[in-house]
Amino acid sequence: MWRRARTGPLRLAAAAGGRRAGRRALPPLPTIPSSSVASSSSRIFRGSVWAPYRTLSSEGGASGRGGECWNCGATGVFLSCGSCGSVQPVDPAVDYFQIFGLEREYNIKEHSLEGKYKDWQKKLHPDLVHTKSEKERGFAAEQSALVIDAYRTLSKPLSRALYLLKLEGVQVDEEKTINDPELLMEMMEIREAVNDATDSETLEKIQSQIKRKLETWSETFQEAFDKRDFNSAVEATQRMRYYERAVEETVKKL
Amino acid sequence: MMLRAAGKRLIAGGQASPAVAAPAAAAAMRRGYHERVVDHYNNPRNVGTMDKDDPDVGTGLVGAPACGDVMKLQIRVDEASGKIVDARFKTFGCGSAIASSSVASEWVKGKQMEEVVAIKNSEIAKHLSLPPVKLHCSMLAEDAIKAAVKDYEAKKKAKLAMADE
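Since we're looking at a predicted model, the values are computed, not measured.

### Focus: the overall build of chain A
The helix and strand tally for chain A stands at 11 helices and 2 strands. Ordered by position from the N terminus, the helices and strands of chain A form the series α-α-α-α-β-β-α-α-α-α-α-α-α. Within the span of chain A, comprising 254 residues, buried residues form 44% of the whole. Nonlocal contacts in chain A, meaning residues at least 24 apart in sequence, comprise 62% of its contacts between residues at least 6 apart.

### Thoughts on the interface of chain A and chain B
Each partner contributes to the interface: chain A provides 21 residues, whereas chain B provides 21 residues. Where chain A abuts chain B, roughly 1,800 Å² becomes buried across the two surfaces, and 62% of that area is made up of carbon and sulfur atoms. Considering only the surface of chain A that becomes buried against chain B, T177(A), M188(A) and R245(A) emerge as the three largest contributors, covering 30% of it. Between the two partners, chain A and chain B, sit 2 salt bridges. Put simply, K90(B) and E192(A) hold a salt bridge, and the shortest N to O gap is 3.2 Å. Run the count over chain A and chain B and you get 9 residue pairs in polar contact (both at pLDDT 80 or more).

### Looking at the nonpolar core
All names here are of chain A. Core analysis: the largest hydrophobic core is formed by 56 residues, its most contacted members being I99, F100, V147, L154, L165, M187 and F221. Counting residues per element, the ones that place at least two in this core are α5 (96–99), α6 (111–124), α7 (134–155), α8 (157–167), α9 (181–196), α10 (200–226) and α11 (230–253). Viewed by domain, this core spans two of them, domain 1 (66–155) and domain 2 (181–253), each represented by three or more residues. Discounting chain neighbours no more than four positions away, the residues touching F100 are L113, K116, Y117, V147, A150, Y151 and L154.

### Some thoughts on the state of the cysteines
Residues and elements named next belong to chain A. Tallying each qualifying case throughout the model produces 0 disulfides over all chains. No disulfide involves C72; its sulfur sits 3.6 Å from the nearest other cysteine sulfur, which is in C84. Overall, the relative accessible area of 39% leaves C72 in the partly exposed class. Between C84, a free cysteine, and C69, which holds the nearest cysteine sulfur, the sulfur-to-sulfur gap is 3.6 Å. Of the residues examined, C84 reaches a relative accessible area of 31% and is grouped as partly exposed.

### Describing the sheet that holds strand β1 (residues 57–64) of chain B
Strands pair in a sheet through their backbones, by hydrogen bonds, and they do so in one of two ways: parallel or antiparallel. Residues and elements named next belong to chain B. Strand order across the open sheet formed by 3 strands is β1-β2-β3, with antiparallel pairing between neighbours. Only two strands of the sheet have a single partner each, and these edge strands are β1 and β3 (83–92). The sheet shows a mean angle of 15° between the axes of neighbouring strands, direction not considered. The pairing of β1 with strand β2 (residues 69–78) spans 8 bridges and is classified as antiparallel.

### Thoughts on helix α2 (residues 35–42) of chain B
Those residues of α2(B) lying buried are V37(B), V38(B), H40(B) and Y41(B). Here the buried residues of α2(B) occupy an arc of 165° about the axis, which is enough to place them on one side.

### Observations regarding the confidence of the model for chain B
In the predicted model, chain B carries a mean pLDDT of 83, and 80% of its residues have values of at least 70. Least confident of the elements in chain B is helix α1 (residues 22–31) of chain B, whose mean pLDDT is 54; most confident is β3(B), at 96.

### Things to note about the side chain of N71(A)
Residues and elements named next belong to chain A. Looking at where N71 falls in the secondary structure, it is placed in the loop between β1 (67–68) and β2 (75–77). Judged by its relative accessible area of 19%, N71 is buried. Of note is the side chain of N71, whose polar atom sits 2.7 Å from the side chain of S86.

### A closer look at the packing of aromatic side chains
Residues and elements named next belong to chain A. Inspection of every chain in the model, using the stated rule, returns 9 aromatic pairs over all chains. Ring geometry for W70 versus F139: centroids 5.9 Å apart, planes at 70°, classification edge-to-face. Taken together, the positions of W70 in the loop between β1 and β2 and F139 in helix α7 put the pair 69 residues apart, joining distant regions of the chain. Each member of the pair W70 and F139 is classed as buried. Ring geometry for F78 and W120: centres 5.8 Å apart, planes at 70°, overall edge-to-face. Of this pair, F78 sits in the loop between β2 and α5 while W120 sits in helix α6, and the two are 42 residues apart along the sequence. W120 sits in the buried class, given a relative accessible area of 6%. In this arrangement the basic side chain of K135 is found over the ring face of W70, its NZ or CZ atom lying 3.3 Å from the centre. Against the face of Y106 rests R160, its NZ or CZ located 5.2 Å from the ring centre.

### Some details on the pairing of β1(B)
Each regular strand displays side chains that alternate between the two surfaces of the sheet. All names here are of chain B. With respect to burial, β1 is a largely interior element, 8 of its 8 residues being buried. In β1, alternate side chains face the same way, and those of V57, T59, L61 and G63 on one face and G58, G60, V62 and A64 on the other are all buried. Counting the residues that bridge the hairpin from β1 to β2 gives 4 residues, and of these G68 lies at a positive phi of roughly 70°.

### Points about a negative patch on the surface
Taken together, the side chains of E103(A), E105(A), E215(A), E219(A), E223(A) and D226(A) define an acidic patch exposed on the protein surface. Locating E219(A) in the fold gives a position in helix α10.

Rules used in this analysis
Residues numbered from 1 in each chain as written. Chains lettered and ligands numbered in written order. Predicted model: local features only at pLDDT ≥ 70, side-chain atom pairs only at ≥ 80, totals over all residues. Heavy atoms only, no water. Helix = DSSP H or I, 4+ residues; strand = E, 2+ residues; numbered from the N terminus. Buried < 20%, exposed > 50% of the residue type's maximum accessible area, 1.4 Å probe, protein only. Contact = heavy atoms within 4.5 Å. Buried area = accessible area lost by both parts, 1.4 Å probe. Salt bridge = Lys/Arg side-chain N within 4 Å of Asp/Glu carboxyl O. Polar contact = N/O pair within 3.5 Å; in protein donor to acceptor, adjacent residues only side chain to side chain. Core = buried A, V, L, I, M, F, W, Y, C linked by side-chain atoms within 4.5 Å. Domains from an automatic or database assignment. Disulfide = S-S within 2.5 Å. Pairing = 2+ DSSP bridges. Axes fitted to C-alpha atoms, helices over the stretch in contact; angles between N-to-C directions. Arc of directions from axis to C-beta. pLDDT = per-residue confidence, 0-100. Phe/Tyr/Trp six-rings, centres within 6.5 Å; stacked < 30°, edge-to-face > 60°. Lys NZ or Arg CZ within 6 Å of the ring centre and 35° of its normal. Patch = residues over 30% accessible without salt bridge, like charges linked within 9 Å, V, L, I, M, F, W, Y side chains within 5 Å. Areas by Shrake-Rupley, 256 points an atom, 1.4 Å probe, with all protein chains shown as cover. Lys, Arg positive; Asp, Glu negative; His and termini not counted. Charge placed at Lys NZ, Arg CZ, Asp CG, Glu CD.

What follows is the structure, encoded as structure tokens:
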């Protein structure tokens, strides 16, 4: 409480141009162990908000996973501080699986994501940090956006597969034209069938057929990925994308 | 640069859904496609299918991995002159992909096969004022043309090989 009150008038003073005076007027912060954190903290109270917290993020170690809370100095913070509840700046080293406390693998329990997602938003959502500093509101906006991205990427098989490949450093050349006649002819037939279908029963039948194929190729991806056969894994994701596209078309029509 | 094509009305790019009713045209204009793209989308030239097994027909079937599009371009070649006398296309994809293949089907008609393989995707893209994000659609059309020609030539070769036996 007291700290926030001090931040207010200080910022006004800084805006008025009394920057240095404002900084000196601030009483010393409670002891924060490492010098790196101390130096970055002094930057926080300087004036404009944007530059400082970006600097903090790029410093990485001073905040984020397992780092120290910028607010109270507690260690082992992850996205938000367990001690004081302050939202931390985004740590680029954290991956989506870590956010949801999952192993980095394809076969995850999708239904377990939602609970964790809601838990995170209760701690990170920008709407819940109205009373906090502009800096912390900025952190909240970024962290909550990150969690949303993570949730969306992990909940769908194709995006999860592509993300896993990305984490492994596999480059997928999306520009290269596909010439596989078998796949393309099959897709042509499927898309034509969807196009010509007039009643919902036919569409649903086609949809379930495609979904079954999606599942088969999803399993193929799993096997290929586990064997680290990335060429086959990428091929599987390409098939999955075609089938997902076809499913989208049936959904549009239904 | 492409967007500032002289005298052409252009609105920033968007994504159209393949519904083919008249209201979709107005919607597409609002969402922002060049008028030529909208024209090809609403009045596609040469949509259709040729008999794959017809010896004078070359079929090019290509796909774009990024968006799951499928494009089929077929050509009918006059054996004697080597000229492409007719073309048909069928594309499942966005408005730009449909328009690109429609343009391709128009441009190959009446040309020699050596000429059409020289058609560059940049020419198609320029003609349609495609935004950068849709350039791969014109690339797909260029690949479709080449694939159709390749298929025809392979068929001709096989026919000659059989005739020799």
